[in-house]
Amino acid sequence: MRPAGRDASGINVGGRAGRRRERGRQKMRSAVFYGKHDLRIEEHEMPSVGPEDVLIRVKACGVCGTDVHIYEGDKGAAEVTPPTILGHEFSGIVEGVGEAVMDYRPGDRVCVDPNCYCGACTPCRSGVAHYCEHMVGYGTTVNGGFAEYCAVNERQVYRLGERTSFEQGAMAEPVACCLHGIDMCRIQPGSQAVVIGGGMIGLLMLQLAKLEGVAKVALLEPVEEKRLVAAKLGADVCIDPLQEDVEKELQKAGFTWVNTVIECVGRPATIEQAIHIAGNKAVVMMFGLTKPDETISVKPFEIFRKELELKASYINPYTQKRALDLIDTGRLDVSSMVCGTCGLEKLEEILSSPQVRTRGKYIVCP
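A few points on the structure. Note that the structure is predicted; figures quoted are calculated from it, not measured.

## Quick word on the overall build of the protein
Line of reasoning, step 1. Summing up its helical and strand segments, the protein has 13 helices and 18 strands in all.
Line of reasoning, step 2. A compact globule built from 366 residues should have a C-alpha radius of gyration of about 21 Å, and the protein, at 21 Å, falls within 12% of that.
Line of reasoning, step 3. Over its C-alpha atoms, taken along the principal directions, the protein stretches across nearly 75 × 40 × 40 Å.
Line of reasoning, step 4. Burial analysis of the protein (366 residues in total) assigns 55% to the buried set.
Line of reasoning, step 5. Summarising the internal contacts of the protein: among those between residues at least 6 apart in sequence, 70% fall at separations of at least 24.
Line of reasoning, step 6. As displayed, the protein offers around 16,700 Å² of accessible surface, 49% of which is attributable to carbon and sulfur atoms.
Line of reasoning, step 7. For the protein, the centre of its 43 positive side-chain charges and the centre of its 48 negative side-chain charges are spaced 3 Å apart.

Dropping the structure here:
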């Protein structure tokens, strides 16, 4: 005899998901990636739920730059084998749990860390699990959150705080990635920082730099609306790099020694700019994701003369809980840079149009 409240597979079917399963529902609306520039909104099989899995009814899923790279046929942080449901920044409501799940139950409000490590390979056992040799990536290597439902291992599930909305909870993953990057910058209180790029990531990095204690932080961003948001979030100066002399404007604003430059655009030209404006002994964080085959021109003498540290940051090892705490306490604003929410039918337009993405961050509500 199976426990009460569970179906024949051992899945707790309390809540709406259980009622739908009992009515024999087998399909869900999903955004399925079939290859470069081929994204289809279609009915897809409901996810299977293993003993250690949590079934989530997705309420919000952010559109990430990695999704854009995948849509364009480029490699993101992980290999994507079509057909795959994209979407790795998501939150929702627990609809069912596998028979071995003890810590979650239907009705819980949760978000997901999409990168699931095996725990047994050499990188995992050496303290660098984000280089796991058998990593499962929800929304990359396996189906993700651009769908009505997603099943994930319970290890990747985090409860949302009482003050955190689903839209804010979906932003925990990008915040977690930024936290790993900002940790690597080793920012000292009283120092000076420049952030290049005023999209979602740049505006998060700006705030995190302030939380680290920088005395001054500047933002370089050509879009006026994003500069206005940055000013409200505490940027000491916002510069249009296409219309203004960046170095002169930094000097006018009192930036005498730029200790940290965080590049959040992912273009060779802006990475080269980051190296150029960095001061002596500075850290240059190349956070923006370039196309895999792009290269930059570097003058080794400049690196030598200024003793620069060039760094990059890969995904979000062990930072999801910190991200959620920053969001729920209100120490980090993850809403000002969101320009709107939409349904799945809008997703391909967002992925295919730089003009649309220029307006800000989009969140899909399946």
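## Quick word on the sheet that holds strand 1 (residues 27–35)
Line of reasoning, step 1. Strand order in the open sheet formed by three strands is 2-1-4, and the pairing between neighbours is antiparallel. Across the chains shown, the open sheet's two edge strands, defined by having one partner strand only, are strand 2 (38–45) and strand 4 (84–85).
Line of reasoning, step 2. As judged from the eight bridges shared by strand 1 and strand 2, these two strands associate in the antiparallel manner. Counterpart to Gly-35 in the pairing with strand 2 is Asp-38.

## A word on the side chain of Ser-313
Line of reasoning, step 1. Its location among the elements puts Ser-313 in the loop between strand 16 (309–312) and helix 11 (320–328).
Line of reasoning, step 2. One polar contact links the side chain of Ser-313 to the main-chain amide nitrogen of Gly-181, over a distance of 3.3 Å.
Line of reasoning, step 3. The contacts of Ser-313, once residues within four sequence positions are left out, are Cys-177, His-180, Gly-181, Met-184, Met-285, Met-286 and Phe-287.

## Thoughts on the packing of aromatic side chains
The relation between two aromatic rings is expressed through the spacing of the ring centres and the mutual angle of the planes.
Line of reasoning, step 1. Applying the stated rule across the entire model yields three aromatic pairs.
Line of reasoning, step 2. Centroid distance Tyr-131 to Tyr-314: 5.2 Å. Interplanar angle 20°. Geometry classified as stacked. Taken together, the residues Tyr-131 in the loop between helix 3 (122–125) and strand 8 (136–137) and Tyr-314 in the loop between strand 16 and helix 11 connect sequence positions 183 residues apart.
Line of reasoning, step 3. A ring pair is formed by Phe-301 and Phe-304, whose centres lie 5.6 Å apart and whose planes are at 50°; its orientation type is tilted. Taken together, the positions of Phe-301 and Phe-304, both in helix 10 (residues 300–306) and three residues apart, correspond to about one turn of that helix.

## Some words on the environment of Thr-122
Line of reasoning, step 1. Note that Thr-122 resides in helix 3.
Line of reasoning, step 2. Its relative accessible area of 55% is what places Thr-122 among the exposed residues.
Line of reasoning, step 3. Sequence separation of Thr-122 and Glu-133 is eleven residues, and the distance between their C-alpha atoms is 7.9 Å.

## Side note on unusual backbone geometry
Line of reasoning, step 1. Residues Pro-82 and Pro-83 are joined by a peptide bond in cis, for which omega reads -5°.
Line of reasoning, step 2. Its identity as a non-glycine residue notwithstanding, Glu-307 has a phi of 50°, on the positive side.
Line of reasoning, step 3. Within the secondary structure, Glu-307 sits in the loop between helix 10 and strand 16.
Line of reasoning, step 4. The phi dihedral of Ile-315 is positive, around 45°, even though this residue is not glycine.
Line of reasoning, step 5. Locating Ile-315 in the fold gives a position in the loop between strand 16 and helix 11.

## Focus: the environment of Val-80
Line of reasoning, step 1. By the secondary structure assignment, Val-80 is in the loop between helix 2 (65–71) and strand 4.
Line of reasoning, step 2. When its relative accessible area of 17% is taken as the criterion, Val-80 is described as buried.
Line of reasoning, step 3. Separated by 270 residues in the primary sequence, Val-80 and Ile-350 place their C-alpha atoms 19 Å from one another.
Line of reasoning, step 4. Apart from residues no more than four positions distant in its own chain, Val-80 is found in contact with Phe-33, Ile-70, Leu-86 and Thr-140.

## Topic: the packing of helix 5 (residues 172–185) against helix 6 (residues 200–211)
Line of reasoning, step 1. At a minimum axis distance of 10 Å, the contact between helix 5 and helix 6 shows a crossing angle of 50°. Regarding the angle of helix 5 to helix 6, the classification is oblique. Seen from above, helix 5 lies across helix 6 with right-handed handedness. Across the interface between the two elements, Pro-174, Val-175, Cys-178, Leu-179, Gly-181 and Ile-182 of helix 5 pack against Ile-201, Leu-204, Met-205, Leu-208 and Ala-209 of helix 6.

## Quick notes on the environment of Glu-345
Line of reasoning, step 1. Here Glu-345 shows up in the loop between strand 17 (338–342) and helix 12 (347–352).
Line of reasoning, step 2. For Glu-345, a relative accessible area of 59% translates into the label exposed.
Line of reasoning, step 3. Glu-345 has contacts with Arg-29 and Ile-41, leaving out every residue within four places of it along the chain.

## Describing the sheet that holds strand 14 (residues 260–263)
Note: strands within a sheet are paired through backbone hydrogen bonds, in either parallel or antiparallel orientation.
Line of reasoning, step 1. The parallel open sheet is built from six strands, whose spatial order is 13-12-11-14-15-16. Strands with a single pairing partner mark the edges of an open sheet, and in this sheet they are strand 13 (237–239) and strand 16. Sheet twist, expressed as the average angle between the axes of neighbouring strands with direction ignored, equals 15°.
Line of reasoning, step 2. Where strand 15 (residues 283–286) and strand 16 come together, four bridges link them in parallel fashion. Paired with Met-285 across the two strands is Lys-311, which belongs to strand 16.
Line of reasoning, step 3. Where helix 5 meets the sheet, its contacts fall on strand 14, strand 15 and strand 16, and the angle it forms with strand 15 comes to roughly 160°.

Thresholds, definitions, all that
- Residues numbered from 1 in each chain as written.
- Predicted model: local features only at pLDDT ≥ 70, side-chain atom pairs only at ≥ 80, totals over all residues.
- Heavy atoms only, no water.
- Helix = DSSP H or I, 4+ residues; strand = E, 2+ residues; numbered from the N terminus.
- Rg over C-alpha atoms; globule rule 2.2 N^0.38 Å.
- Buried < 20%, exposed > 50% of the residue type's maximum accessible area, 1.4 Å probe, protein only.
- Contact = heavy atoms within 4.5 Å.
- Areas by Shrake-Rupley, 256 points an atom, 1.4 Å probe, with all protein chains shown as cover.
- Lys, Arg positive; Asp, Glu negative; His and termini not counted.
- Charge placed at Lys NZ, Arg CZ, Asp CG, Glu CD.
- Pairing = 2+ DSSP bridges.
- Polar contact = N/O pair within 3.5 Å; in protein donor to acceptor, adjacent residues only side chain to side chain.
- Phe/Tyr/Trp six-rings, centres within 6.5 Å; stacked < 30°, edge-to-face > 60°.
- Axes fitted to C-alpha atoms, helices over the stretch in contact; angles between N-to-C directions.
- Parallel < 35°, antiparallel > 145°, perpendicular 65-115°, else oblique.
- Left-handed = near helix turned anticlockwise from the far one by under 90°.

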